[in-house]
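# Working through the structure, step by step
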Amino acid sequence: MSSTLSPSAWLRGSRRPSWLSDPKVLRTEVLGGLVVALALIPEAISFSVIAGVDPAVGLFASFTMAVTIALVGGRPAMISAATGAVALVIAPLNREHGFGYLVAAVILAGVFQIVLGALGVAKLMRFVPRSVMVGFVNSLAILIFMAQVPEMTDVPWPVYPLIAAGLAMMVFFPKLTTVVPAPLVSIVILTVITVAAGIAVPTVGDKGDLPSSLPVPGLPDVPFTLDTLTTVAPFAFAMALVGLMESLMTAKLVDDITDTRSSKTRESVGQGVANIVTGFFGGMGGCAMIGQTMINVRVSGARTRLSTFLAGAFLMVLCIVFGPVVSDIPMAALVAVMVMVSVATFDWHSIAPRTLRRMPLGETVVMLVTVVCVVATHNLAIGVVVGSIAAMVVFARLAEVTAVTDPDGGTVVYRVTGELFFASSNELVGQFSYGTDPDRVVIDLSAAHIWDASSVAALDAVETKYAQRGKTVEIVGLNEPSARMHKTLSGELAGG
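To start, this report covers the structure provided alongside it.

Rules behind the numbers
- Residues numbered from 1 in each chain as written.
- Predicted model: local features only at pLDDT ≥ 70, side-chain atom pairs only at ≥ 80, totals over all residues.
- Heavy atoms only, no water.
- Helix = DSSP H or I, 4+ residues; strand = E, 2+ residues; numbered from the N terminus.
- Contact = heavy atoms within 4.5 Å.
- Expected span 1.5 Å × (residues − 1).
- Buried < 20%, exposed > 50% of the residue type's maximum accessible area, 1.4 Å probe, protein only.
- Phe/Tyr/Trp six-rings, centres within 6.5 Å; stacked < 30°, edge-to-face > 60°.
- Pairing = 2+ DSSP bridges.

## Some thoughts on the environment of G286
Relative to the assigned elements, G286 resides in the loop between helix 11 (264-280) and strand 2 (287-288). Sequence separation between G286 and A66 is 220 residues; the distance between their C-alpha atoms is 9.6 Å. Each residue touching G286, except ones within four places of it in the same chain, is listed here: M65, A81, A82, T83, V86, M239, Q271 and N275.

Here's what the structure looks like:
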């Protein structure tokens, strides 16, 4: 499958991608890439404004990110480009030190991402609970919609019927045919109507000038000194973390939508390579772009690297060759597309009354915490971190301890059930009756598992408290990993 192709195999054709042998797949990928390219233009320009750079910088970044990640990324059909999260991180650096420092930070962020990817940071994704993932998806949908609100306020009245018409076309056109993506049809028809009728509404051209030539590679205009490194490193590291978080969460979302698996480690390294390339071409950097990915995967039905590659290629062609035409596209057409994406992205099942009645309260609370944090900060990474911490607090189960005393009264057996880690083991010491127990104590851990040094320290503390009273403790039932950890650390960590 295309999801497992390496860049070299993709280029050599040793395993033929599906779009080479299936015209229908090729058409889907090409048209999906075109729709994404159209949607990227105003977004990239807006993010350039946030970062305080020329619109061309954001457009160049979207071009180089998409083309590069199509070759080296781990998640086919996912779109990477200039993003608002990255723009917010590096805007202060550009404002305080200038554009050269911003470019240097982008390159260094790419290096950090490669290192983090090689160290296996992607494996941390397995610790993101489902409730956080649902909150991530729902907050994403809300942010996509909120981003369109400025385009629907204080605008000429024709904007509203144009948006309504665009939404109607995207709902009903697929019932006639799916040969051409409904968003592309909507964009073309609304553009023709506004131009032919001379309707004065905000257009893509109002967002900023489109570039007229391809980007040229070069080195950042900064002194190559330790002082420069210390200046850009904090911003670069923050950008690397935010970019990886959004990219890996988006990759997991696409995995779920397409029922396929992707290499998160390769995606992490690929994001780093793409940012390094983008920096050397004078771009503002970026990461996975969730809204455009949903257009590509969910709305257009694209599944391969070709759509990602063409999204970047079409972006430059549209800007350089068809700039005047693209500038006439009404923003209302693109707003309609993004509103439809937000509706399709939201997990409506998660808030259905029947679901809420059956779902454990903790799951709902964690989902809501994630949504609130993301919407409040406009930062998906912060929401995921806070949501995961909330899940740890809500779902951390204290280990249960039950005691049974032998009929002769000479021995008490404590059976410990559950996972012993820092959150549960800290409470373990207080669940034994040190003063009233008989002289022989057995702690049965056959229904438990030791995960960390905190648990070993807690068991040592229990043994010490009994020893101070002249009583003996025998620990039984350890599984192999727990026994190995206990043998290695016991006696080194205990406190009285």
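Structure shown, so let's carry the discussion forward.
## Section: helix 6 (residues 99-118)
Here helix 6 is 20 residues long and its end C-alpha atoms lie 29 Å apart, about the 28 Å a rise of 1.5 Å per residue gives. Most of helix 6 sits inside the fold, with 14 of its 20 residues counted as buried. After helix 6 finishes, the residue G120 shows a positive phi value of roughly 90°.

## Side note on the packing of aromatic side chains
Inspection of the entire model under this criterion finds 6 aromatic pairs. An angle of 45° between the planes, with centres 4.6 Å apart, marks the rings of F346 and W348 as tilted. Since its relative accessible area comes to 15%, F346 is described here as buried. A ring pair is formed by F432 and Y434, whose centres lie 6.2 Å apart and whose planes are at 40°; its orientation type is tilted. For F432, a relative accessible area of 7% corresponds to the buried category. On the basis of relative accessibility, which here comes to 10%, the residue Y434 falls in the buried class.

## Here we look at the pairing of strand 3 (residues 400-405)
Taken together, the 6 bridges between strand 3 and strand 4 (residues 411-420) define a ladder with antiparallel strand orientation. Within the sheet, the bridge partner assigned to E400 lies in strand 4 and is T417. In sequence, strand 3 turns back onto strand 4 through a hairpin of 5 residues, with G409 there showing a positive phi of about 80°.

## Topic: helix 17 (residues 361-377)
An ideal rise of 1.5 Å per residue puts 24 Å on 17 residues; helix 17 measures up with 24 Å between its terminal C-alpha atoms. Three or more residues of helix 17 are buried, namely G362, T364, V366, M367, T370, V371, C373 and V374. Where helix 17 terminates, the next one or two residues include H378, which has phi positive at roughly 60°.

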